[in-house]
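# Report on the structure
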Number of protein chains: 2
Amino acid sequence: MSAHAPLPLTVEPLTREAFAPFGEVVEASDAVRHFTINAGNTERYHDLANIEPGPDGRVIVSIFRGQPRSLPFTVQMMERHPLASQAFVPMSGRPYLVVVAPAGAPPGVEDLKVFLARGDQGVNYATGVWHHPLLALEGVCDFLVVDRSGPGHNCDEVQLDRHGVIEGR
Amino acid sequence: MSAHAPLPLTVEPLTREAFAPFGEVVEASDAVRHFTINAGNTERYHDLANIEPGPDGRVIVSIFRGQPRSLPFTVQMMERHPLASQAFVPMSGRPYLVVVAPAGAPPGVEDLKVFLARGDQGVNYATGVWHHPLLALEGVCDFLVVDRSGPGHNCDEVQLDRHGVIEGR
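Remember, predicted model here, so these are calculated numbers, not experimental data.

Let us now look at the packing of aromatic side chains. Ring pairs (aromatic) are described by centroid distance and by the angle formed between their planes. Overall, the coordinates contain 16 aromatic pairs over all chains when judged by the stated rule. Measuring from ring centre to ring centre gives 5.8 Å for Phe88 of chain A and Tyr125 of chain A, while their planes differ by 65 degrees; the resulting arrangement is edge-to-face. In this pair, Phe88 of chain A is assigned in strand E8 (residues 86-90) and Tyr125 of chain A in strand E11 (residues 122-125), connecting sequence segments 37 residues apart. Just as Phe88 of chain A is buried, Tyr125 of chain A falls in that class too. When the ring of Phe88 of chain B is compared with that of Phe143 of chain B, the centres are 6.5 Å apart and the planes differ by 75 degrees; the resulting orientation is edge-to-face. Here Phe88 of chain B is found in strand E8 (residues 86-90), whereas its partner Phe143 of chain B is found in strand E14 (residues 141-149), with 55 residues between them in sequence. Since its relative accessible area comes to 0%, Phe143 of chain B is described here as buried. Site record: aromatic cluster; members linked through ring pairs are Phe19, Phe22, Phe64, Phe88, Tyr96, Phe115, Tyr125 and Phe143 of chain A.

Bringing the environment of His34 of chain B into the picture now. All names here are of chain B. Note on placement: His34 falls in strand E4 (residues 34-37). Sequence spacing of His34 and Leu48 is 14 residues, and the spatial spacing of their C-alpha atoms is 10.0 Å. Apart from the residues lying within four places of it in its own chain, the contact partners of His34 are Ser29, Glu43, Arg44 and Tyr45. A distance of 2.7 Å separates the side chain of His34 from the side chain of Glu43, its partner in a polar contact.

Right, let's get into the pairing of E11 of chain A. Residues and elements named next belong to chain A. Alternating positions in E11 separate into two faces, Gly122 and Asn124 on one and Val123 and Tyr125 on the other, with burial throughout. Bridging between strand E3 (residues 23-26) and E11 involves four bridges; their strand directions are antiparallel. By the bridge assignment for E11, Val26 is matched with Gly122. Relative to E11, E8 runs antiparallel, the two sharing three bridges. Across the sheet, residue Phe88 finds its bridge partner in E11, namely Val123.

Parameters and conventions
- Residue indices follow the written sequence of each chain, beginning from 1 at its first position.
- Chains and ligands are labelled by the order in which they are written, letters from A for the one and numbers from 1 for the other.
- In keeping with the model being predicted, local features are shown solely for residues with a pLDDT of at least 70 and side-chain atom pairs are shown and tallied solely at 80 or more, while totals for entire chains, interfaces and linings include all residues.
- Side-chain metrics rest on all non-hydrogen atoms present in the structure, leaving aside hydrogens and water.
- Paired rings are identified among Phe, Tyr and Trp, the last through its six-membered ring, by centres lying within 6.5 Å, and are further divided according to the angle between planes into stacked (under 30 degrees), edge-to-face (over 60) and tilted (the rest).
- By definition, any uninterrupted DSSP run of H or I lasting at least four residues is a helix, any uninterrupted run of E lasting at least two residues is a strand, and each is numbered from the N terminus.
- Exposure is judged per residue with a 1.4 Å probe applied to protein chains only, and the accessible area is read against the type maximum: over 50% gives exposed, under 20% gives buried, and values in between give partly exposed.
- Any two residues having at least one pair of non-hydrogen atoms within 4.5 Å are treated as being in contact.
- Any pair of nitrogen or oxygen atoms within 3.5 Å is treated as a polar contact; in protein, a donor-acceptor pairing is required on top of that, and neighbouring residues in sequence qualify only through side-chain atoms on both sides.
- DSSP calls a pair of strands paired once it identifies at least 2 bridges connecting them.

Below is the structure:
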């Protein structure tokens, strides 16, 4: 148990600018490079994330099927992938929560940022960025995940001394 | 114009088995390797496609926003990416059509296979597999696309001598 009462965490909307210290937002935004292909039938929003497979790694795609969490939600731990990036793109069209802290030393609760992602926004966690495991909302949600297969240890977890709490939206 | 009347094409359901000659179906199926992570909150359907960035390539993610096509739809051309795989995963939850032909010599209409994909199924075209550009249905649909950035020519197109027609579903 934490020695202190949980710290209430503020939820902010997910934007490319606010998320930039942690990676990229994967979204079809007019602000990114895009162009028309397929004889006018398709708009390509191009190269939206810095996908890093890491040393001797290859990029793989998987589906994560997340059980919905309920609010208030207590953030007790964080994890990071020290070798590679990891992207989550919703297939269910539902919003979800993203909790991050800067790469580097293990975070304390005061380092956490919480974003509410729309159902048409993915996120790519840059290599080493601390993040909470998938926080689906509203129902069982599938996400396409783009990450690494390769040798070596690629997941660290840290328990928070003081917890955070996401009260609502 | 084609010298012959278009050949009616049969639409079949997209399954991993039927699509195997052309690549992989990206779906959360009990038939693929999966395991529980995130303290029981997430099921990971693992490494669902053979993502090939090709020589000197890197894997990129983009969003393709496809305009819906209407049926009957006439298939007049096909394309292939000779250097790399290309995966499409729906973000809109809507069904779509997949038209493929085996890698190798440019296809004739009799080589085409047409699949109806569910909105929770992606496809990964293996390197060199002939396919029609994105065929969204029912509305504007976004797809996450996992393909290649790198040097060299990576798109061939072929016009079909005889066209095919997808009559309906």
